[in-house]
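Given next are the chains, with one letter for each unit.
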Amino acid sequence: MIKDDHPVSLLEVRGLIKSFGSARALQGVTLDVRPGEVHCVLGQNGAGKSTLIKTLSGAHQPDEGDILWNGDKVTIDHPIAALELGIATMYQELDVVEGLSIAENIFLGHELDKGGVLQRREANKRTRALMDRLGHPQLSPTREVGTLSPANQQIVSMARALSHDIKLMIMDEPSAVLDTEEVDNLFRVVEELTKEGIAVIYISHRLEEIERIGDRITVLKDGKSVASSIAVSDTPTRELISLMTGRDVENVFPPAPGVPDDAPVVLEVKDLALGSHFSDVSLSIRAGEVVGIAGLVGSGRSEIMETIAGHRKATAGTVSVKGTKLRPGSVRDAVDAEMGLAPEERKSQGLILDEPIYRNATLASFARFARGPLLNEAAERDATAEQMRALELRPAEPNRITRTLSGGNQQKIMLARWLIHGTEVLLLDEPTRGVDVGARVEIYTLIRKLAAAGTAILVVSSEIDEVLGLADRVLVLADGRVLDEKPTSEIDEHGVLDLVMKGSAA
Ligand SMILES: Nc1ncnc2c1ncn2[C@@H]1O[C@H](COP(=O)(O)OP(=O)(O)O)[C@@H](O)[C@H]1O
Ligand SMILES: [Mg+2]
């Protein structure tokens, strides 16, 4: 063996090509996966991610290219061939069989299946062990799979993969059907697998997930790997967005034109405190300025936003909009001062998902659409449709139920609410969480548009690169205190991280 600083690859893919008739799904994909790593495959819809993993799991045959397993060329011509190598796959389209029990889904066609007769006691026993391992002991082996939520069906699919002796687990967009807590559970399982030396190929288009659990990334665009097996820690968000969308890195974030010194201060926060959450937070934002807050999760960022907007009652300090002080804890005052908050948990706090889009878009503007004791719904719908067209939210169908929109489009509806209402101050908490990459760039543009119209904007994001790209100035926060404040042109991601780490160690 030659001396090598890198561990040997478990899986190597070289120059993979696959067409479906005239559709060229893969046009040259290269990557390598090491034991025990989380290798993320990123790419926009249609980039070829699912096709790639289907060629690795034996569901598709590549037209050209090589697959090497522990250094040896292999042909994976059937799902069983993949399993025999030690490759298990959780498909994007959940492939559980409704009408069968959890144990049957896991062990039919498996070694416990003796010619169609399942060794039930053993299967149930092993199913219980798998459910424990996956953090779902409440799922009984005899439960019928059709009665489970998509998230729990996914657990069954994962259990089936783990019932084999595997070296590589492939997960195709597993988080698409999961809520935050379920994603945490999934990541815990992924961590355990990698500790046992099992490699995971994790497919997603959510950058925040990749930054949380990924070791290396391969980015696909139009069927090609435009970046192959690069380290997550060396790759800034804007570079990933640029790779995925094909935009220049410089154009991922719209240019900040700069704020004239004589632009009026719109939002002034002085010595604001909220019990043990944060204290001594002071900031001022001029018309047209975007200020970002960077800091670790739990450093009090969301609480600051909520306190400024009156959703929480400050224990000290003041908030003023255009010189008028707001009463602490008064949402009414904040709304009257034309301050809008787009909260982090859009789904639970911001949007009423089962209502039509127009209801959400006009929620802050009841007075404008009131007609006596009723609402002028036609006017609400017209105003909403106009904004939807402006935000390139197609089809501009205001009657559609909000739940049916993608995360990015739900965020646009949130922003439309403040465009319709008119807003002096906009507080954006994690504006791109769960948003597809393409839609992210549109949301960045929209935020800059709102600023150009004179709105003072405060934005919180756990992606430092996003804060730096979007904002004119950044406040660095640790342990509920502002550590420093700098124009974004004078600090980079490492500078912010250094401050955060020093601050939270102090
Ligand atoms: N079975 C198929 N028949 C025809 N075209 C397909 C098939 N599977 C995928 N494609 C096409 O290949 C491209 C890549 O698709 P896919 O691998 O599903 O992308 P992703 O998972 O990244 O969204 C798309 O243009 C898709 O329409
Ligand atoms: Mg896919």
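Residues numbered from 1 in each chain as written. Chains lettered and ligands numbered in written order. Predicted model: local features only at pLDDT ≥ 70, side-chain atom pairs only at ≥ 80, totals over all residues. Heavy atoms only, no water.

Observations concerning the overall build of the protein chain
Okay, so step 1: Helix and strand counts for the protein chain come out as 18 helices and 24 strands.
Okay, so step 2: Taking 2.2 N^0.38 as the reference for a compact globule, 506 residues should give roughly 23 Å; the C-alpha atoms of the protein chain span a radius of gyration of 25 Å, in line with that estimate.
Okay, so step 3: Expressed as lengths along the three principal axes of its C-alpha atoms, the size of the protein chain is roughly 80 × 60 × 50 Å.
Okay, so step 4: When the 506 residues of the protein chain are sorted by exposure, 53% land in the buried category.
Okay, so step 5: Within the protein chain, contacts between residues at least 6 apart in sequence are counted, and of these 67% link residues at least 24 apart.
Okay, so step 6: Total accessible area on the protein chain stands at roughly 22400 Å², and carbon and sulfur atoms take up 49% of it.
Okay, so step 7: Seen as two clouds, the 56 positive and the 76 negative side-chain charges of the protein chain have centres 3 Å apart. (Helix = DSSP H or I, 4+ residues; strand = E, 2+ residues; numbered from the N terminus. Rg over C-alpha atoms; globule rule 2.2 N^0.38 Å. Buried < 20%, exposed > 50% of the residue type's maximum accessible area, 1.4 Å probe, protein only. Contact = heavy atoms within 4.5 Å. Areas by Shrake-Rupley, 256 points an atom, 1.4 Å probe, with all protein chains shown as cover. Lys, Arg positive; Asp, Glu negative; His and termini not counted. Charge placed at Lys NZ, Arg CZ, Asp CG, Glu CD.)

Focus on the sheet that holds strand β4 (residues 64-69)
Okay, so step 1: As summarised here, the arrangement of the four strands in space is β2-β1-β4-β5, forming an open sheet in which the pairing is antiparallel. Where the open sheet ends on each side, the last strands, each with one partner, are β2 (23-33) and β5 (72-73).
Okay, so step 2: Taken together, the eight bridges between strand β1 (residues 11-20) and β2 define a ladder with antiparallel strand orientation. By the bridge assignment for β2, Leu-16 is matched with Val-29. (Pairing = 2+ DSSP bridges.)

Structural notes on the site of ligand 1
Okay, so step 1: Around ligand 1, a shell composed of Phe-20, Ala-25, Gln-44, Asn-45, Gly-46, Ala-47, Gly-48, Lys-49, Ser-50 and Thr-51 is seen.
Okay, so step 2: For ligand 1, the protein covers 59% of the area, taking 560 Å² as the surface of the free molecule.
Okay, so step 3: For the shell around ligand 1, the element with the most residues is helix α1 (residues 49-56), which contributes three residues.
Okay, so step 4: Residue composition of the shell around ligand 1, grouped by class: three nonpolar, six polar and one charged. (Near = heavy atom within 4 Å. Nonpolar A, V, L, I, M, F, W, Y, C, P; charged D, E, K, R; others polar.)

Some points on the nonpolar core
Okay, so step 1: Among the nonpolar cores identified, the biggest contains 85 residues, and Met-158, Met-169, Met-171 and Tyr-202 are the most heavily contacted of them.
Okay, so step 2: Ranked by the residues each element gives to this core, the list is headed by helix α16 (residues 437-452), at nine residues.
Okay, so step 3: Setting aside anything within four residues of it in sequence, one finds Tyr-202 in contact with Val-38, His-39, Cys-40, Val-41, Met-171, Pro-174, Ser-175, Leu-186, Phe-187, Glu-209 and Ile-213.
Okay, so step 4: If you look at the next biggest cluster of nonpolar residues, it comprises 31 residues, including Leu-267, Phe-278, Ile-308 and Ala-309. (Core = buried A, V, L, I, M, F, W, Y, C linked by side-chain atoms within 4.5 Å.)

Examining the pairing of strand β10 (residues 199-204)
Okay, so step 1: Across the six residues of β10, six count as buried, placing the element largely inside the fold.
Okay, so step 2: Of the two faces of β10, the one carrying Ala-199, Ile-201 and Ile-203 and the one carrying Val-200, Tyr-202 and Ser-204 are both buried.
Okay, so step 3: Pairing of strand β3 (residues 38-42) with β10, which is carried by five bridges, proceeds in the parallel orientation. Bridge pairing links Cys-40 to Tyr-202 in β10.
Okay, so step 4: Here strand β9 (residues 168-172) pairs with β10 via five bridges, running parallel. When the sheet's bridge partners are listed, Met-171 is paired in β10 with Tyr-202.
Okay, so step 5: Remark: the β9/helix α6 (residues 180-195)/β10 crossover connection has right-handed handedness. (Right-handed = clockwise from strand over helix to strand, strands pointing away.)

What about the coordination of the magnesium ion (ligand 2)?
Okay, so step 1: Donor atoms from the polypeptide that coordinate the magnesium ion (ligand 2) comprise Ser-50 (OG) and Gln-92 (OE1), at 2.1 to 2.4 Å from the metal. Note that Ser-50 is positioned in helix α1 and Gln-92 in the loop between β6 (87-90) and α3 (102-107), a separation of 42 residues in sequence.
Okay, so step 2: Since its relative accessible area comes to 19%, Ser-50 is described here as buried.
Okay, so step 3: Exposure remark for Gln-92: the relative accessible area of 38% places this residue in the partly exposed category. (Donors = N, O, S within 2.8 Å, 3.2 Å for Na, K, Ca; no water.)

Comments concerning the sheet that holds strand β22 (residues 456-460)
Okay, so step 1: With respect to topology, six strands assemble into an open sheet ordered β18-β21-β22-β15-β23-β24, the strand pairing being mixed. The outermost strands of the open sheet, each flanked by one partner alone, are β18 (339-342) and β24 (481-487). On average, each strand axis in the sheet is tilted by 15° relative to the strand beside it, whichever way the strands run.
Okay, so step 2: This element, α16, spans β15 (290-295), β21 (425-429) and β22 of the sheet and lies at about 150° to β22. (Axes fitted to C-alpha atoms, helices over the stretch in contact; angles between N-to-C directions.)

Quick look at helix α9 (residues 301-308)
Okay, so step 1: The buried fraction of α9 is high, at eight of eight residues.
Okay, so step 2: By the burial criterion, the buried members of α9 are Arg-301, Ser-302, Glu-303, Ile-304, Met-305, Glu-306, Thr-307 and Ile-308.
Okay, so step 3: Backbone geometry just downstream of α9 places Gly-310 in the positive-phi region, at approximately 80°.

Brief notes about the side chain of Arg-417
Okay, so step 1: Take Arg-417: it is sitting in helix α15 (residues 407-421).
Okay, so step 2: Salt bridges are absent for the buried Arg-417, whose nearest opposite-charge side chain, Glu-380, sits at 10 Å.
Okay, so step 3: Excluding anything up to four places from it in sequence, Arg-417 contacts Gly-350, Leu-351, Asn-360, Ala-361, Leu-363 and Ala-364. (Salt bridge = Lys/Arg side-chain N within 4 Å of Asp/Glu carboxyl O.)

Considerations on the packing of aromatic side chains
Okay, so step 1: In this structure the tally under the stated criterion is two aromatic pairs.
Okay, so step 2: With a centroid separation of 5.9 Å and an interplanar angle of 75°, the aromatic rings of Phe-187 and Tyr-202 are classed as edge-to-face. Of this pair, Phe-187 sits in helix α6 while Tyr-202 sits in strand β10, and the two are 15 residues apart along the sequence. For the pair formed by Phe-187 and Tyr-202, the shared burial category is buried. (Phe/Tyr/Trp six-rings, centres within 6.5 Å; stacked < 30°, edge-to-face > 60°.)

Considerations on the domain arrangement of the protein chain
By a frequent convention, interface size equals the accessible area lost on bringing the separate parts together.
Okay, so step 1: The assigned domain composition of the protein chain is domain 1 (11-245), domain 2 (251-338 + 426-433 + 452-506) and domain 3 (348-422).
Okay, so step 2: Computed from C-alpha atoms alone, the centre-to-centre distance between domain 1 and domain 2 is 39 Å.
Okay, so step 3: The interface of domain 1 with domain 2 comprises eight residues on the first partner and nine residues on the second.
Okay, so step 4: Carbon and sulfur atoms make up 52% of the surface buried where domain 1 meets domain 2, a total of about 680 Å² over both sides.
Okay, so step 5: Ranking the residues of domain 1 by area buried against domain 2 places Glu-208, Thr-237 and Arg-238 at the top, with a combined share of 69%. (Domains from an automatic or database assignment. Buried area = accessible area lost by both parts, 1.4 Å probe.)

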